Amino acid sequence: MAKHHSPRFVQFVDEVRKKIKETNVEKVMNRLDKKEQFFLVDVREESEWNSGHLPGAIHLGKGVIERDIEATIPDPSADIVLYCGGGFRSAIAADNLQKMGYRNVASMDGGFRGWTEAGFPVKKDR
């Protein structure tokens, strides 16, 4: 079930999207199938991560990604794809990482919801 976001939040994210690169679930799946090298980062809350995530993803929640990104991915030219539940939080996180000097960051539009709706594989650690 899709969340309904407040109008100001949607407007804010729409403005952010003008400044970032976006990709989609099909392109990310294609990259995984080709075994391309990139960082796939889940920015959702820990409880969301624990319920399932994309294969090969690492978890850096939206609340800590700016604090922890340099320790996890120190190279500002690294190829990074961020995703969240639907593509809103990951867009904001992508904008923040760009402001921190990361040059090759994209947000996956559709997020985990779009991924599962497409029938793509989900991993559970527990």
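Here the structure is a predicted model, which is why all the values come from computation and not from measurement. Here the residue index of a chain counts from 1 through its sequence in written order. Whole-chain, interface and lining totals are the exception, using all residues; otherwise, since this is a predicted model, local features are given only for residues with pLDDT of at least 70 and side-chain atom pairs are given and counted only at 80 or more. Based on all heavy atoms of the structure, the side-chain values leave hydrogens and waters out of the count.

Participant: Give me helix α2 (residues 25–33): which residues, what numbers.
Facilitator: Throughout, exposure labels follow a simple rule: accessible area from a 1.4 Å probe, protein chains only, divided by the maximum for the residue type, with under 20% read as buried, over 50% as exposed, and the rest as partly exposed. Helix and strand definitions here come from DSSP, where helices need a minimum of 4 consecutive H or I residues and strands a minimum of 2 consecutive E residues; each element is numbered from the N-terminal end. Of the residues making up α2, those classed as buried are V25, V28, M29 and R31. Projected onto a plane normal to the axis of α2, the buried residues spread over an arc of 160° and lie on a single side. Exposed and oriented more than 90 degrees from the buried face of α2 are K27 and D33. Buried-residue contacts for α2 involve β1 (21–24), β2 (39–42), β4 (80–83), β5 (105–109) and α6 (111–117). Pairs of N or O atoms within 3.5 Å make up the polar contacts considered here, provided that, within protein, one atom can donate a hydrogen while the other can accept it, and that residues adjacent in sequence are counted only when both atoms are side-chain atoms. For α2, the side-chain oxygen to backbone nitrogen distance between the N-cap and E26 is 3.1 Å, and the N-cap itself is N24. Of the residues flanking the end of α2, it is K35, one or two places downstream, whose phi is positive at about 60°. Relevant arc is that of directions from the helix axis to the C-beta atoms, nothing else. Residues are treated as being in contact if the distance between any of their heavy atoms lies within 4.5 Å.

Participant: Lay out the pattern of salt bridges with the relevant residues and their values.
Facilitator: Put simply, a salt bridge is a Lys or Arg side-chain nitrogen that is within 4 Å of an Asp or Glu carboxyl oxygen. Within the structure shown, the criterion is met by 11 salt bridges. With a shortest N-O distance of 2.3 Å, D79 and R31 are connected by a salt bridge. Of this pair, D79 sits in the loop between α4 (65–72) and β4 while R31 sits in helix α2; the two residues are 48 residues apart in sequence, bridging distant segments of the chain. Judged by its relative accessible area of 17%, R31 is buried.

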